[in-house]
Amino acid sequence: MTDRDVTLFHAPRTRSAGVLRLLEELGVPYRLHVLDLAAGDHKKPDFLVLNPMGKVPTLRHGETIVTELGAIALYLGDLFPETGQCPPPGDPLRGALLRWLFFYGNCVEPAVLQKAMNWEAPKPSMAGYGTYDDTVAAVVGRLREGPWFLGERFTVADGLWGPALSWLVAFDLLPKAPEIVAYVERFAARPAAARAAAIDEEILARRPPA
Ligand SMILES: N[C@@H](CCC(=O)N[C@@H](CS)C(=O)NCC(=O)O)C(=O)O
């Protein structure tokens, strides 16, 4: 155990699979604490102490608990600066990093949910995301600028956006714009994809049938 060991509370086929992938991209040491959501592990008191929302991903590092995809990506990137995947404060890319880490949870998730549920669209001036179309256009516009979210450099922003765009496109929650599809394919071709997938397959294979 080192002072940088982290534990990911994880369930395969959920948003925490994105953090598993991020850890594999970073290539850093970590432990997995697997929760079986079907068995309700995430609503048991010992887990609710860590995350009262009863949700994964949840990350523990010493006494520190971090939840929310964007926060976890930034926390891990800052904890492991030698990976070069997290522009530090003072780096010209830091602003873009923060912007895109926050944009996902603040804009994409609510915009997608509103659209998928056919909820009446709020007045654009009152919705943090403006409109679904504006949100999608912002993402597509960003991806036109380079192979990765911050341009030429692969960063923890991609560790968040890669998994997110992969499942959003797979579930038809975002349009299959060429820029998004090409990004998802680029992300899937990285070596960490197979490593993360194999870990989840092994977890699921060990699980008794429901
Ligand atoms: N805002 C959270 C969302 C986490 C979340 O909704 N996780 C889902 C899995 S994809 C979950 O734990 N659902 C179980 C439940 O709420 O019962 C984040 O960014 O991490």
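Cut-offs and rules
Residues numbered from 1 in each chain as written. Predicted model: local features only at pLDDT ≥ 70, side-chain atom pairs only at ≥ 80, totals over all residues. Near = placed C-beta within 6 Å. Nonpolar A, V, L, I, M, F, W, Y, C, P; charged D, E, K, R; others polar. Helix = DSSP H or I, 4+ residues; strand = E, 2+ residues; numbered from the N terminus. Expected span 1.5 Å × (residues − 1). Buried ≥ 20, exposed ≤ 12 C-beta atoms within 10 Å, placed from the backbone. Arc of directions from axis to C-beta. Contact = placed C-beta atoms within 7 Å. Domains from an automatic or database assignment. Pairing = 2+ DSSP bridges. Axes fitted to C-alpha atoms, helices over the stretch in contact; angles between N-to-C directions. Core = buried A, V, L, I, M, F, W, Y, C linked by C-beta atoms within 7 Å. Right-handed = clockwise from strand over helix to strand, strands pointing away.

**Description of the site of the ligand**
Item 1. In the neighbourhood of the ligand, the contacting residues comprise Thr14, Arg15, Leu37, His42, Gly54, Lys55, Val56, Pro57, Thr67, Glu68, Leu69 and Gly105.
Item 2. By residue class, the composition of the shell around the ligand is four nonpolar, five polar and three charged.

**Observations concerning helix H5 (residues 132-144)**
Item 1. Along its 13 residues, H5 runs 19 Å from first to last C-alpha, staying within 8% of the 18 Å computed at 1.5 Å per residue.
Item 2. All of the buried residues along H5 are Tyr132, Thr135, Val136, Val139, Arg142 and Leu143. Looking straight down H5, one finds that the buried residues subtend no more than 125° of arc, so they occupy a single side. Along H5, the residues that are exposed and aim more than 90 degrees away from the buried face are Gly141 and Arg144.
Item 3. Turning to H5, the residues buried within the fold contact helix H4 (94-116) and helix H7 (178-188).

**What to know about the domain arrangement of the chain**
Item 1. Along its sequence, the chain is carved into domain 1 (6-84 + 192-206) and domain 2 (94-190).
Item 2. Placing the centre of domain 1 and that of domain 2 at their C-alpha centroids yields a distance of 21 Å.
Item 3. The partner domain 2 presents twelve residues to the 14 residues of domain 1 that form the contact.
Item 4. The set of elements that each furnish at least two residues to the side of domain 1 that touches domain 2 consists of helix H1 (16-26), helix H3 (69-79) and helix H8 (191-206).
Item 5. Here the residues of the side of domain 1 that touches domain 2 sort into eight nonpolar, three polar and three charged.

**Examining the pairing of strand E4 (residues 64-67)**
Item 1. Pairing geometry for strand E3 (residues 58-61) and E4, over four bridges, is antiparallel. Across the sheet, residue Leu59 finds its bridge partner in E4, namely Val66.
Item 2. Count of turn residues in the E3/E4 antiparallel hairpin: two residues, of which Gly62 carries a positive phi of about 60°.

**A few points about the sheet that holds strand E2 (residues 30-34)**
Item 1. A sheet is described by the order of its strands in space; here four strands give the open sequence E2-E1-E3-E4, paired in mixed fashion. Strands with a single pairing partner mark the edges of an open sheet, and in this sheet they are E2 and E4. The mean inter-strand angle of the sheet, taken between neighbouring strand axes irrespective of direction, is 25°.
Item 2. The sheet contact formed by strand E1 (residues 6-10) and E2 spans five bridges and is parallel. Of the residues in E2, the one forming a bridge with Thr7 is Arg31.
Item 3. Running over the sheet, H3 touches E3 and E4 and is turned about 130° from E4.

**Focus on the nonpolar core**
Item 1. Ranked by size, the top nonpolar core spans 47 residues in total, and within it Ala73, Ala157 and Leu160 carry the most contacts.
Item 2. Looking at this core, the elements that each hand over two or more residues are E1, H1, H3, H4, H5, helix H6 (156-170) and H7.
Item 3. The dominant element in this core, judged by the number of residues it contributes, is H4, at eight residues.

**Some remarks on the pairing of E1**
Item 1. Within E1, four of the five residues are buried, leaving the element largely enclosed by the surrounding structure.
Item 2. Once the chain exits E1 it traverses H1 before rejoining the sheet at E2, and the crossover so formed is right-handed.
Item 3. Bridge analysis of E1 against E3 gives three bridges, and the strand direction is antiparallel. Bridged to Leu8 within E3 is Leu59.

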